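Observations on chain architecture
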2 protein chains.
Amino acid sequence: MLSLDFLNNDYEDTKSPAQKAEEYIAIDILTGNLRRGQRIVEQDLCEKFGMSRTPVREILGRLAASGLIELIPNRGAFVVGITERDVDDIFYMKSLLYPQCVKWAIERITKDEYEMLEETFAFMEFYTATEDLEKMQKINRGFEAIIYNASHNTEMESALLKYDFIIRYANLDIKYPLNYLTTVLEEHRAIFEAFRARNPEAGAEAAQIHAFKSMMRRK
Amino acid sequence: MLSLDFLNNDYEDTKSPAQKAEEYIAIDILTGNLRRGQRIVEQDLCEKFGMSRTPVREILGRLAASGLIELIPNRGAFVVGITERDVDDIFYMKSLLYPQCVKWAIERITKDEYEMLEETFAFMEFYTATEDLEKMQKINRGFEAIIYNASHNTEMESALLKYDFIIRYANLDIKYPLNYLTTVLEEHRAIFEAFRARNPEAGAEAAQIHAFKSMMRRK
DNA sequence: CAAATAAAGATTGTATACAATTTTACCATT
DNA sequence: AATGGTAAAATTGTATACAATCTTTATTTG
C-alpha cells in the first residue's frame, strides 16, 4: 500500500486480463460509452476480450456488486451507470467525508506516511512548474490517496477511493480556470501546511475549501 | 423500494438460492464462524449449498468485491473478515454520515415517504409496548432505511445500509441498558419529531445523539 | 388488419470436463 | 534428523455443453 506506484505509468501490467477487462468495462460505463439501461450481452464481451463466458460472468458479478450494472435473473446485465445526479451526490459525500478524513489523518499519520506525503508534495510543485496536466492529476490522486490511508479508517479510505474513481472517469465537464494547476496546488498546499503544523482543525478547513472548490469547477 | 416488506418475516423467500448462499457466507464471516485468514475451498461450499462450482465462484467474486474475502489468483479465497477496529471505524463513519443523512432527508422527504415513516414509527411504539426485542430491532432497521432512502442521495443510502448490515452481524457485545427498548424509542422519537416539525438542524442533532449512544452501547 | 398464439431463436444459469497451478507427501541425499 | 527435490494429489482457472428461460418472429384466428 505504502509506495509511490502511482508515479509509474504502466503499473497496470501487474493486473490479470480479467481485472483489466473489468476495469475496462467499468470505465466504458462511467465515460458514457455504454449508456444507462443498455443491455450487456455476455457473448459480445467474450468476443471483445477473447475469453469464454465463465470469466465474463464473474466480471459482471463483481460489477453488479459495485453497483455499476444491474443483474436481472435470466434477463441479463443492464448498465446502471452514473447520472449527473449521482455525480452530484458523490461530490456532496466527498465534501462531507474529506474534511474529517484530513482531520483524522493529521491526528494519526505515521512518520513514514508523513515523509511520503512531503515527498509527494515536492513532486506536485515540480509538475506544476512544468505545467504537465496529466502527471499533475495523477500525483494529485496519489497525494490524496496517502491522506486517505493515513486516516487509518478502512471505510473512510475505501469510500473516498471509490468516489475518486468515479469522479475521474465520469463524463465531467470541468471548468479549468486560468491558473488551474497553481490554483489546485495552493489548495493542496493549505492542506499540507496543516499536516506540517500538526493542526487537525486547520486541515479540516482547508480540505473543506478544496472539496467545495472542486465541486464548483464542474459546469 | 418503498414498501413495508421488512415487517414480513419470510421476505427472504424472494431471494434466489445463490443470493441466500451469498448472504449466508457473509453472515458466517461477520459472526466469526469463519475466522480471519482462513481459506475457503470452493468444493466445500458446493457440498454445503448443493450447487456446482460455477455459481459458487460467482458468489466468491461478489464477496471479494464487497471486501469480506480476498481472492488470490490460483490460491483461492481467504477470509478478510471484520476486526474490532473495523467495527469501530464503521461506527465512526456512521456517526459522521447519519446526522447529514437525516438533515437531507428532512429537507427532501416526499409525502409518501413521510407517511411511511409515520406509520413505521407507530409500529415502533407498539412493539416497544409489547417488549418484542426482535421485532423491534427489525423495525428499527426499517425506520432508518426509510430515512436513508429519503435523503435522496444514493451513495449516502448505500453506505449506511452497508454499515448497518455489518453492525447487525458483526460479533457485537451490546450493553442492553435496563430500559433498552424505551431508550432507543425515545432517541428515535427525537428524530421523528424533527421530521414532523420539518427541522433539519434538530434532526441532525438528534441523529448525532442517537449515533453516539449506539456507539456507547458497545462494550 | 390487429391481436393472440405458437414455435423458433437467442440468451442466461448451471454442470461438467480439462488445463494450469499450487499444495502435499514421499523419498533420497547429506 | 534435516533438507531438497520429485511426483502425486488437490485446487483453481477456463472452456464447453446442456437445460431453463426469455425474446422474437411467424402464423393463425377473430
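The paragraphs below set out a description of the structure included in this document.

The rules we used
- Residues numbered from 1 in each chain as written.
- Chains lettered and ligands numbered in written order.
- Predicted model: local features only at pLDDT ≥ 70, side-chain atom pairs only at ≥ 80, totals over all residues.
- Heavy atoms only, no water.
- Helix = DSSP H or I, 4+ residues; strand = E, 2+ residues; numbered from the N terminus.
- Rg over C-alpha atoms; globule rule 2.2 N^0.38 Å.
- Contact = heavy atoms within 4.5 Å.
- Areas by Shrake-Rupley, 256 points an atom, 1.4 Å probe, with all protein chains shown as cover.
- Lys, Arg positive; Asp, Glu negative; His and termini not counted.
- Charge placed at Lys NZ, Arg CZ, Asp CG, Glu CD.
- Buried area = accessible area lost by both parts, 1.4 Å probe.
- Salt bridge = Lys/Arg side-chain N within 4 Å of Asp/Glu carboxyl O.
- Polar contact = N/O pair within 3.5 Å; in protein donor to acceptor, adjacent residues only side chain to side chain.
- Nonpolar A, V, L, I, M, F, W, Y, C, P; charged D, E, K, R; others polar.
- Pairing = 2+ DSSP bridges.
- Axes fitted to C-alpha atoms, helices over the stretch in contact; angles between N-to-C directions.
- Near = heavy atom within 4 Å.
- Least-squares fit on C-alpha atoms with pLDDT ≥ 70 in both.
- Buried < 20%, exposed > 50% of the residue type's maximum accessible area, 1.4 Å probe, protein only.
- Core = buried A, V, L, I, M, F, W, Y, C linked by side-chain atoms within 4.5 Å.

The number of helices and strands found in chain A is 9 helices and 3 strands. Going residue by residue from the N terminus, the α and β elements of chain A occur as α-β-α-α-β-β-α-α-α-α-α-α. The globule rule puts the C-alpha radius of gyration for 219 residues at 17 Å, and the 19 Å found for chain A is close to it. For chain A, the spread of C-alpha atoms along the principal axes amounts to about 55 × 35 × 35 Å. Relative to all contacts within chain A whose residues are 6 or more apart in sequence, the contacts with residues 24 or more apart total 74%. Accessible area for chain A stands at about 11400 Å²; split by element, carbon and sulfur atoms hold 51% of it. Side-chain charges in chain A split into 28 positive and 36 negative, and the spacing between the mean points of these groups amounts to 5 Å.

It is worth spelling out the interface of chain A and chain B at this point. With 23 residues of chain A in contact, the opposing surface of chain B contributes 23 residues. A buried area of about 2100 Å², summed over both sides, lies between chain A and chain B, and 58% of it is on carbon and sulfur atoms. Of all residues in chain A, M93(A), L96(A) and E155(A) bury the most surface against chain B, accounting for 26% of the area lost on that side. For E58(A), the salt bridge is made with R57(B), and the minimal N-O distance between the two is 2.9 Å. The tally of links from chain A across to chain B stands at 10 residue pairs in polar contact (both at pLDDT 80 or more). Contributing elements (two or more residues each) for the side of chain A that touches chain B: α3 (53–65), α4 (84–108) and α7 (154–169) of chain A. Looking at which element gives the most residues to the side of chain A that touches chain B, the answer is α4(A), with 11 residues. Considering only residue class, the side of chain A that touches chain B consists of 9 nonpolar, 5 polar and 9 charged.

Here the focus is the sheet that holds strand β1 (residues 39–40) of chain B. Residues and elements named next belong to chain B. The 3 strands lie next to each other as β1-β3-β2, forming an open sheet whose pairing is antiparallel. Each having just a single partner strand, β1 and β2 (69–72) make up the two edges of the open sheet. For β2 and strand β3 (residues 76–79), the ladder comprises 4 bridges, and the chain directions are antiparallel. When the bridges of β3 are listed, E70 appears paired with F78. Where helix α3 (residues 53–65) meets the sheet, it contacts β1, β2 and β3, and its direction lies at approximately 115 degrees from that of β2.

Our next topic: the protein's contact with DNA strand D. Surrounding DNA strand D, one finds 16 residues, the nearest of these being S52(A), T54(A), R75(A), R53(B) and R57(B). At a separation of 2.6 Å, a phosphate oxygen of DNA strand D approaches a polar backbone atom of S52(A). Between DNA strand D and the protein, one listed contact pairs a phosphate oxygen with a side-chain N or O atom of R75(A) at 2.6 Å. Elements that contribute at least two residues to the surface near DNA strand D include exactly α3 of chain A together with β1 and α3 of chain B. With 3 residues, α3(A) is the largest single contributor of residues to the surface near DNA strand D. Each residue belonging to the surface near DNA strand D can be placed in one class, and the counts come to 5 nonpolar, 5 polar and 6 charged.

For these two chains of identical sequence, chain A goes onto chain B by a turn of 180 degrees and a shift of 0.1 Å along the axis, with RMSD 0.1 Å. Each copy turns onto its partner about a two-fold axis.

Take the pattern of salt bridges next. Residues and elements named next belong to chain A. Enumeration according to the criterion identifies 34 salt bridges over all chains in this entry. Two residues, E22 and R62, come together in a salt bridge whose shortest N-O distance is 2.8 Å. With E22 in helix α1 (residues 17–30) and R62 in helix α3, the pair connects residues that are 40 residues apart, well separated along the chain. Summarising the burial analysis for this pair, E22 and R62 share the class buried.

Turning our eyes to something else, we now look at the protein's contact with DNA strand C. If you check the shell around DNA strand C, you find 17 residues, and the closest are R53(A), R57(A), S52(B), T54(B) and R75(B). At a separation of 2.4 Å, a phosphate oxygen of DNA strand C approaches a polar side-chain atom of R57(A). A distance of 3.2 Å separates a phosphate oxygen of DNA strand C from a polar backbone atom of N74(A). Elements represented by at least two residues in the surface near DNA strand C include exactly β1 (39–40) and α3 of chain A together with α3 of chain B. When residues of the surface near DNA strand C are assigned to their parent elements, the largest contribution, 3 residues, is made by α3(B). Class assignment of the residues belonging to the surface near DNA strand C gives a composition of 5 nonpolar, 5 polar and 7 charged.

Let us now look at the sheet that holds strand β3 (residues 76–79) of chain A. Residues and elements named next belong to chain A. The sheet built from 3 strands is open, its strands ordered β1-β3-β2 with antiparallel pairing. Both edges of this open sheet fall to β1 and β2 (69–72), since each of them pairs with a single strand only. Pairing of β1 with β3, which is carried by 2 bridges, proceeds in the antiparallel orientation. Within β3, the residue paired with I40 across the bridge is A77. The strands touched by α3 within the sheet are β1, β2 and β3, with β2 carrying the most contacts at an inclination of about 115 degrees.

The next thing to look at is unusual backbone geometry. Residue and element names in this part refer to chain A. The residue N74 is not glycine, and still its phi comes out positive at about 65 degrees. Here N74 shows up in the loop between β2 and β3. Even without a glycine there, the phi angle at R198 is positive, about 55 degrees. Take R198: its relative accessible area is 47%, and that puts it in the partly exposed class.

Before going further, it helps to spend a moment on the nonpolar core. Most often, soluble globular proteins have nonpolar side chains that are buried together. Counting residues in each nonpolar core, the largest one holds 129 residues, and the members touching the most others are I147(A), F195(A), I147(B) and F195(B). Those residues in contact with F195(A) that sit more than four places away from it in its chain are V102(A), A105(A), I106(A), I109(A), Y114(A), L117(A) and I147(A).

Limitation: the analysis is restricted to geometry and does not speak to function.
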